[in-house]
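Geometric and topological summary
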Amino acid sequence: MISQRVLGAFYVGLSATCFGAMAIFARYAYAGGAEALAVLFVRFALAAGVMIVIMNRRQIRWPRGRALIILSLMGGVGYVGQSFSFFSALNHASAGLVALLLYLYPFIVIVIETVFMRRKLTRQRLVAVLLALSGTALILGQGLTGQPLGVLLGVAAALIYSVYIVVGAQVLDKEDPLAAATVVMCSAALVFGVIALIVRPAYPADLSAWSWMVAIALVSTVVAMVSLFAGLKRLGAADTATLSTLEPVVTVVLASAFLGESLLPLQVFGGMLVLGTVVWLARSAPRQPPGDAVTAQDEASSGRNAAS
């Protein structure tokens, strides 16, 4: 029987793979004439429609009350704010620097949980996140240039996403991952839709580009977000954030395979470092007080202590 921890690591790995492929899909969509805002709106609108159909067919209960409000804010404020900060930062700093700043979020998540939620910071978790960040730096650390505003916006994107991960882990303690992801997608689609009506971005000019936007919606949103929430429910915020550093590894490998971008030896080493950390965290015995993301029942079935 697969332990909840290994299953959670699988879900996060699947999520990171789907998110990592989004940069490749988006490159093709942009080549077909789509602007970033158009991609974001279509991404969440299509994903929300698919999720609503799934919710109704499976008769899954929608979140209510406080959980519904929090999830709506996660999509309408968190996702939108993070996307705005990230894409704005790209106008003032290199893509490598902005991406590297975003991937500070595993460390920020640990700080938030340690300082504000009084969760024990184990040596294993600290070493794991430092190894993952080091590998990410080797993967993304080419041509790091930027203005102070770009750095501030990149850090803002990391902070917003860190809060998103921490809050999501708390809400998912009592909510179905599918239902939670649906609310997030619907609220993000609503906000991006309003912005798109005002700004009127350019949409793709050919069917091929539209197909890549559909891939972003189905693969890099529906599958990616549901898998992320399923992993969060089983692992908690800190380990989920650390395992998610697999995403830039996927992006770099796919860019090399499909876009002809060069893969440097240091990037290969960085990818191996991240992959090694992922395997280590997935197989290691978790250590943390009761009451976190993995329940006592899960501990008994896996023969390990719970961790998030």
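A quick note: this is a predicted structure, and the numbers were derived from the prediction, not measured.

Definitions and cut-offs
- Residues numbered from 1 in each chain as written.
- Predicted model: local features only at pLDDT ≥ 70, side-chain atom pairs only at ≥ 80, totals over all residues.
- Heavy atoms only, no water.
- Helix = DSSP H or I, 4+ residues; strand = E, 2+ residues; numbered from the N terminus.
- Expected span 1.5 Å × (residues − 1).
- Bend = angle between axes of the 7 residues up to and from the residue.
- Patch = residues over 30% accessible without salt bridge, like charges linked within 9 Å, V, L, I, M, F, W, Y side chains within 5 Å.
- Areas by Shrake-Rupley, 256 points an atom, 1.4 Å probe, with all protein chains shown as cover.
- Salt bridge = Lys/Arg side-chain N within 4 Å of Asp/Glu carboxyl O.
- Buried < 20%, exposed > 50% of the residue type's maximum accessible area, 1.4 Å probe, protein only.
- pLDDT = per-residue confidence, 0-100.
- Contact = heavy atoms within 4.5 Å.
- UniProt positions renumbered as here; feature names shortened; annotations may be inferred.
- Axes fitted to C-alpha atoms, helices over the stretch in contact; angles between N-to-C directions.
- Parallel < 35°, antiparallel > 145°, perpendicular 65-115°, else oblique.
- Left-handed = near helix turned anticlockwise from the far one by under 90°.

**Things to note about unusual backbone geometry**
- Phi is positive for Gln59, close to 55°, though the residue is something other than glycine.
- One can find Gln59 in the loop between α2 (36-58) and α3 (65-89).
- At Arg200, a residue that is not glycine, the phi angle is positive and equals roughly 55°.
- Relative to the elements of secondary structure, Arg200 occurs in the loop between α8 (177-199) and α9 (207-235).

**Digging into α3**
- The terminal C-alpha atoms of α3 lie 35 Å apart, and with 25 residues this matches the ideal 36 Å at 1.5 Å per residue to within 8%.
- At Met74, α3 shows its maximal bend, which comes to roughly 30°.

**As for a nonpolar patch on the surface**
- A contiguous nonpolar surface patch, about 630 Å² in accessible area, is contributed by Phe107, Val111, Val115, Phe116, Leu121, Leu126 and Leu130.
- When residues of the nonpolar patch are traced back to their parent elements, those giving at least two are α5 (105-115) and α6 (123-140).
- By residue number, the principal contributor to the nonpolar patch is α5, which donates three residues.
- Structurally, Phe107 can be placed in helix α5.
- Residue Phe107 is classed as partly exposed on the basis of its relative accessible area of 38%.

**Examining the confidence of the model for the protein**
- Taken as a whole, the protein shows an average pLDDT of 84; of its residues, 90% reach a score of 70 or greater.
- When pLDDT is averaged over each helix and strand of the protein, the minimum, 33, is found for helix α13 (residues 296-302) and the maximum, 95, for α8.
- Within the model, pLDDT remains below 50 along residues 287-308, and this stretch shows 50 contacts once partners closer than five positions in the same chain are excluded.

**A short note on the UniProt feature "transmembrane region" (unreviewed entry) in the protein**
- Residues annotated in UniProt with the feature "transmembrane region" (unreviewed entry) correspond here to residues 7-30, 36-55, 67-87, 93-114, 126-145, 151-172, 179-203 and 209-229.
- Taken end to end, residues 67-87 is 100% helix and 0% strand, and its two terminal C-alpha atoms sit 29 Å from one another.
- Helix makes up 82% of residues 93-114 and strand 0%, with an end-to-end C-alpha separation of 31 Å.

**A closer look at the packing of α6 against helix α12 (residues 265-283)**
- Remark: α6 packs on α12, axes separated minimally by 7 Å, with the N-to-C direction vectors making an angle of 155°. Between α6 and α12, the crossing angle belongs to the class labelled roughly antiparallel. Here α6 runs over α12; the crossing is left-handed. Mapping the contact onto sequence places Gln124, Val127, Ala128, Leu131, Ala132, Ser134, Gly135, Thr136, Leu138 and Ile139 in α6 and Leu266, Gln267, Phe269, Gly270, Gly271, Leu273, Val274, Thr277, Trp280 and Leu281 in α12.

**A closer look at the UniProt feature "domain: EamA" (unreviewed entry) in the protein**
- Look at the UniProt record and you will see "domain: EamA" (unreviewed entry) annotated at residues 7-140 and 149-281.
- Each end of residues 149-281 is marked by a C-alpha atom, and these two atoms are 35 Å apart; helix forms 84% of the span and strand 0%.

**Structural notes on helix α4 (residues 95-102)**
- By the criterion of burial, α4 is predominantly enclosed, with six of the eight residues buried.
- If you follow the buried residues of α4, they end up packed against α3, α5, α6 and α7 (148-171).

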